[in-house]
Amino acid sequence: MRFDPAHTFRALRHRNFRLFFVGQSCSLVGTWLQQVAMGWLTYRLTGSAWLLGAVAFCGSIGILVLGPFAGVIADRVDRRRGLYVTQALLLAQSLALAALTAFGQIEVWHLIGFALWLGIVAAFDVPLRQTIYVHLVDDRADVPNAIALNSLMVNMARIVGPALAGVLLALAGEAVCFALNALSFVAVIAAIARLRWPAAARAAPSGGFWASWIEGARWAFGFAPSRALLALVAVLAWTITPYSSLMPIYAKDLYGGGPHTLGLLLSAAGAGAMLCVTWLAGRSTIRGLGRVIALAAGTAGVALAGFAYLRVFPLALVLMMLVGGGVILAAASTNTILQTIVDDRLRGRIAGFYTMAFMGVAPVGSLAAGALAAAWGTPATFLGNGLLCVAAAFWFWRRLPGLAQLLRPTYKRLGIIADDG
């Protein structure tokens, strides 16, 4: 497929999406600065693989526990006000973390507490952001592209953030990374303030809270295609995503490097992810994404297993590109399908379940990977996780024909395929 920038980035024609895209890009770079700095600081203070996994676990456990319920709230509240609240809370967390680190008062229990704070707020912030993409573009046909460009934005930050964090950690220390993350939330708040907020973006609550949750859960887990997609994403989150929390071990102990080495490894994964979601954004239809998801997940598993015992750094960077590209392409394609086929009234709830499956399961996987790495070693953990992911990808591939038939009526209703297609 020929690369056409005008087609690949078509959602940026819309003013609201363009504003939000710029603000979120700044914020996500800051988020990666903080994430890398927290991992490095944890390992510098403790030298413990288990505590690396524990901090990563605390950073997202709130999403696992609260994500589905936060999705109900996202479908019921004024989303602009909700985003103001979440961004202000995230700003406060980063400022407090920067201050304690700058004055030399930071301890591991502080890092665990701040990670919990971050995860709880993110549980509400992510579904809120997911629900507004459909309202940030004037042409509904550009919604899949907006979702794909959101994934591209996330992974551009995965390249810039870790690389910048490696430089800043070497030159200035962790406190500067935390302070810059705090500053980045100002960009998001400014973007939200300038949005021409459409009336349709205001949720219209109907029924009770519990009834709303049940309605969303029935769609997410009662419809076989959405159930299979969420299951595969959860396996990816458990097996593949822990690589980022354990990567300081490879950078420091196995490759004998420092923050710069860590930044290169994580940036390589981000580069692979960015290339993959750029390709995804250039697609004109969601047809065929099931095969893409299966192949991407399988590639991520094979690459992680191959990376496990590799000691050649240039080849390690190549495999990290495949790991990062595979897991993000599978996850972003899943989100694109779900957000395209779901009814607007259920959008926040399904975003909540997707967030739980991907970002919520990830900390449990990180905690388990940290414990296994402490007992058996990080390479053995990566090898086992990679092989489990390959098995899940094969399971999903075998189910594709049946899932496609179940999706066919929805695709026809949305005009994705013709009645005789």
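Refer to the structure presented above.
The notes below deal with the structure included here.

## Observations concerning the environment of Leu-414
With respect to the secondary-structure elements, Leu-414 resides in the segment after α15 (378-413). Residue class for Leu-414 comes out partly exposed when judged on its relative accessible area of 37%. Distance in space between the C-alpha atoms of Leu-414 and Asn-385 is 37 Å, their sequence separation being 29 residues. Once you skip the residues sitting within four places of it in the chain, Leu-414 turns out to touch Thr-340 and Ile-341.

## A closer look at the packing of helix α3 (residues 49-74) against helix α14 (residues 347-376)
Two measures define how a pair of helices packs: the angle their axes make with one another and the distance between the axes. Across the interface, α3 lies against α14 with an axial gap of 7 Å and an inter-helix angle of 165°. Taken together, α3 and α14 sit at an angle that is classed as roughly antiparallel. In terms of crossing hand, the pair formed by α3 and α14 is left-handed. Here the residues of the contact of α3 with α14 are counted per class, giving 19 nonpolar, 10 polar and one charged.

## Concerning the pattern of salt bridges
Applying the stated criterion across every chain yields a total of three salt bridges. Measuring nitrogen to oxygen at the nearest pair gives 3.0 Å for the salt bridge that ties Arg-44 to Glu-174. Linking Arg-44 in helix α2 (residues 15-46) with Glu-174 in helix α7 (residues 174-194), this pair joins segments that are 130 residues apart in sequence. For Asp-125, the salt bridge goes to Arg-129, with nearest N and O atoms at 2.8 Å. Here the residue Asp-125 and the residue Arg-129 both occupy positions in helix α5 (residues 108-132), the gap between them amounting to four residues, near one helical turn.

## Here's the deal with the side chain of Arg-349
With respect to the element layout, Arg-349 can be found in helix α14. When its relative accessible area of 6% is taken as the criterion, Arg-349 is described as buried. One polar contact links Arg-349 to Glu-215, side chain to side chain, over a distance of 2.9 Å. Non-local contacts of Arg-349, meaning those with residues more than four positions away in its chain, are made with Gly-71, Val-72, Asp-75, Ser-212, Glu-215 and Gly-216.

## Some points on the environment of Thr-86
Of note, Thr-86 is situated in helix α4 (residues 79-102). Overall, Thr-86 belongs to the buried group, its relative accessible area being 5%. Linking Thr-86 and Ile-112, residues 26 residues apart in sequence, is a C-alpha distance of 19 Å. Not counting residues within four places of it along the chain, the set of residues in contact with Thr-86 comprises Val-121, Phe-124, Asp-125 and Leu-128. At a separation of 2.8 Å, a polar atom in the side chain of Thr-86 contacts the side chain of Asp-125.

## Side note on the nonpolar core
Across soluble globular proteins, you tend to see nonpolar side chains buried next to one another. Ranked by size, the top nonpolar core spans 131 residues in total, and within it Tyr-243, Met-247 and Phe-307 carry the most contacts. Ranked by the residues each element gives to this core, the list is headed by α2, at 14 residues. Leave out the neighbours within four places in its chain, and Phe-307 touches Met-247, Tyr-250, Tyr-255, Leu-265, Ala-316, Leu-319, Met-320 and Phe-382.

## Examining α2
Between the first and last C-alpha of α2 there are 47 Å, a value that for 32 residues agrees with the 46 Å anticipated at 1.5 Å per step. Positive backbone phi, at 65°, marks Gly-47, one or two positions downstream of α2.

## Thoughts on the layout of surface pockets
Empty space within the largest pocket amounts to approximately 430 Å³. Looking at the lining of the largest pocket element by element, the count peaks at nine residues for α15. Its residues assigned to classes, the lining of the largest pocket shows 14 nonpolar, three polar and three charged. Its volume calculated, the second largest pocket comes out at about 370 Å³. Those elements that place two or more of their residues in the lining of the second largest pocket are α6 (143-171), α11 (259-282) and α13 (313-341). The element best represented in the lining of the second largest pocket is α6, accounting for four residues.

Cut-offs and rules
- Residues numbered from 1 in each chain as written.
- Predicted model: local features only at pLDDT ≥ 70, side-chain atom pairs only at ≥ 80, totals over all residues.
- Heavy atoms only, no water.
- Helix = DSSP H or I, 4+ residues; strand = E, 2+ residues; numbered from the N terminus.
- Buried < 20%, exposed > 50% of the residue type's maximum accessible area, 1.4 Å probe, protein only.
- Contact = heavy atoms within 4.5 Å.
- Axes fitted to C-alpha atoms, helices over the stretch in contact; angles between N-to-C directions.
- Parallel < 35°, antiparallel > 145°, perpendicular 65-115°, else oblique.
- Left-handed = near helix turned anticlockwise from the far one by under 90°.
- Nonpolar A, V, L, I, M, F, W, Y, C, P; charged D, E, K, R; others polar.
- Salt bridge = Lys/Arg side-chain N within 4 Å of Asp/Glu carboxyl O.
- Polar contact = N/O pair within 3.5 Å; in protein donor to acceptor, adjacent residues only side chain to side chain.
- Core = buried A, V, L, I, M, F, W, Y, C linked by side-chain atoms within 4.5 Å.
- Expected span 1.5 Å × (residues − 1).
- 1 Å grid on protein atoms, 1.4 Å probe; cavity = no way out; pocket = protein on both sides within 12 Å on 5 of 7 lines; lining within 4 Å.
- Points joined across faces, edges and corners; volume = space filled by probe spheres on them.

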